[in-house]
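Residues per chain, in single letters:
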Amino acid sequence: VTDHVQTLASIRRWVSKQPDYMLITTAADVEIAHQTGRLGICFDIEGANAIGDQLPLIAAYHDLGVRWMLIAYNQNNRAGGGCQDDDTGLTAFGRDVVREMERVGMVVCGSHTGYRTAADLLGMATKPMIFSHSNAHALVPHPRNIPDDLIKACAQTGGVVGVNGIGLFLGSASDDQAELVANHIDHMVQLVGPRHVGLGLDYVFDTAELEAYLEKMRATFPAHLGYGAAISMVAPEQLVDVVTCLVRRGYRRHDLEAILGGNFLRVAHEAW
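Residues numbered from 1 in each chain as written. Predicted model: local features only at pLDDT ≥ 70, side-chain atom pairs only at ≥ 80, totals over all residues. Heavy atoms only, no water.

### Quick look at the pattern of salt bridges
Note on pairing: side chains with opposite charge can pair once their charged atoms come close. This is how the line gets drawn: One side-chain nitrogen of Lys or Arg within 4 Å of one carboxyl oxygen of Asp or Glu is enough to make a salt bridge. Elements are defined by DSSP. Helices are runs of H or I of four residues or more, strands are runs of E of two residues or more, and each kind is numbered from the N terminus. Buried means the residue's accessible area, taken with a 1.4 Å probe over protein chains only, is under 20% of the maximum for its type, while exposed means over 50%, and partly exposed covers the values in between.
As enumerated under the stated definition, the model contains eight salt bridges in all. Here Arg103 makes a salt bridge to Glu100, at a shortest N to O gap of 2.9 Å. With Arg103 and Glu100 both in helix H4 (residues 92-104), this residue pair falls three residues apart, about one helical turn. Residue Glu100 is classed as buried on the basis of its relative accessible area, which comes to 16%. A salt bridge links Arg266 to Glu270, with the nearest nitrogen and oxygen atoms 3.6 Å apart. Here Glu270 and Arg266 lie together in helix H11 (residues 253-271), a separation of four residues that amounts to about one turn. The partly exposed category is assigned to Glu270, whose relative accessible area is 41%. Salt bridges sharing partners connect three or more residues here, namely Glu179, Asp186, Arg248 and Arg249.

Quick look at the structure:
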């Protein structure tokens, strides 16, 4: 809890001093940031360990700009199961967490959670739910990727699945990365339509910091699941290539605009 609060305080203070940045609290703020040429910043939290056993912290984090939270991060916690653990499903505390998140306007995210927990989340959702950065298990059968039935269930809540750019979850590192991202997007679009697919690249600029983190957290990122020192990631500059791949597949402007941000903005308007 202390780490999360300190990190939020530090970043909020830094952003507040940058004239080209803007702290986002409402969906309307996103539009204002776009219109004024600023980078809008809001926050997510990856795993309910951030609240310990204290439900009131959800509203406090929301006040600090957190607009979505993952229930678990690869491993089990008080709220539910992780995708690389023996997932026993959403706990009673986890159900309370979901209800409180929906009450305050914080979007529930199923990325990094286990299959059973994600299914439980989708089963009790009363607002759009997201998988902020998850790829298609049908294309790459890694436990971090999600199967088609969860993609369909997410769409039924009005939610969005964001395709990430991490090579391990995309496919062969020797293939064209932009084409691989387009493959995952297209697979999901064929399942649920372009209204429920987005992007969540999960790109980390400081690769040295990332590699040190992976080394420190070996239990969370075990070698037998393909994690290693060399991390292949699709950079933001490659989005142009991703769009080119989708255009070649027949995607039109309104669908591309939805996938490139419009769908997540819709969720923000509906859930925040």
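### Section: the pairing of strand S3 (residues 43-46)
The cut-off we apply is this: Strands were regarded as paired on the criterion that DSSP finds at least two bridges between them. Look down the strands so they point away from you; if going from the first strand over the helix to the second traces a clockwise path, that crossover is right-handed.
Across the two faces of S3 the burial differs, with Phe43 and Ile45 buried and Asp44 and Glu46 not buried at all. The pairing of S3 with strand S4 (residues 66-70) spans four bridges and is classified as parallel. Its bridge partner lying in S4, Glu46 is registered against Leu70. Handedness of the β-α-β unit built from S3, helix H3 (residues 56-63) and S4 comes out right-handed.

### A look at the packing of aromatic side chains
We apply this condition: Within 6.5 Å between ring centres, the rings of Phe, Tyr and Trp (the latter by its six-membered ring) count as paired, and their orientation is classed by plane angle as stacked under 30 degrees, edge-to-face over 60, tilted in between.
Inspection of the entire model under this criterion finds six aromatic pairs. Look at Trp14 and Tyr21: their rings are 5.2 Å apart centre to centre, the planes differ by 85°, and that puts the pair in the edge-to-face class. Trp14 gets classed as partly exposed once you look at its relative accessible area, which sits at 46%. Arranged with centres 6.0 Å apart and planes meeting at 80°, the rings of Tyr73 and Phe221 form a pair that is edge-to-face. Of this pair, Tyr73 sits in the loop between S4 and H4 while Phe221 sits in the loop between helix H9 (207-216) and helix H10 (239-248), and the two are 148 residues apart along the sequence. Following the ring pairs from residue to residue traces out a cluster consisting of Tyr73, Phe169, Tyr213, Phe221 and Tyr227.

### What about helix H8 (residues 177-192)?
Heads up, the rule is: For a helix, the expected span equals 1.5 Å multiplied by the residue count minus one. Any two residues whose heavy atoms approach within 4.5 Å at even a single point are treated as in contact. Polar contacts, as used here, are pairs of N or O atoms within 3.5 Å; protein pairs need one atom able to donate a hydrogen and one able to accept it. Residues neighboring in sequence count only if both atoms are side-chain atoms.
Compared with an ideal rise of 1.5 Å per residue, which puts 16 residues at 22 Å, H8 spans 23 Å between its outermost C-alpha atoms and is within 8% of the ideal. Taken across its 16 residues, H8 has twelve buried, putting it largely inside the fold. All of the buried residues along H8 are Gln177, Ala178, Leu180, Val181, Ala182, His184, Ile185, Asp186, His187, Met188, Val189 and Val192. Contact partners of the buried residues in H8: helix H6 (148-156), strand S7 (160-163), helix H7 (167-170), strand S8 (197-199), H10 and H11. In this structure Asp176 caps H8, since a side-chain oxygen of it lies 3.3 Å from the backbone nitrogen of Ala178. Downstream of H8 by one or two residues, Gly193 has phi in the positive range, about 90°.

### Remarks on the packing of H4 against helix H5 (residues 115-124)
Put simply, the rule is: Simply put, an axis is a line fit to the C-alpha atoms, just over the touching stretch for a helix, and the angle between two N-to-C directions goes from 0 to 180 degrees. Here the word oblique covers every angle except those under 35 degrees (roughly parallel), over 145 (roughly antiparallel) and from 65 to 115 (roughly perpendicular). By convention, the crossing between two helices is left-handed when the near helix turns anticlockwise from the far helix through less than a right angle, and right-handed when the turn is clockwise. Each residue receives one of three labels: charged for Asp, Glu, Lys and Arg, nonpolar for Ala, Val, Leu, Ile, Met, Phe, Trp, Tyr, Cys and Pro, and polar for the others, Gly being one of them.
Between H4 and H5, the shortest axis-to-axis distance is 11 Å and the interhelical angle comes to 45°. One element, H4, and the other, H5, form an angle in the oblique class. The two elements H4 and H5 cross, and the hand of that crossing is right-handed. Contacts between H4 and H5 involve Arg95, Val98 and Arg99 from the first element and Asp120, Leu121 and Met124 from the second. Along the lines of polarity and charge, the residues of the contact of H4 with H5 split into three nonpolar, no polar and three charged.

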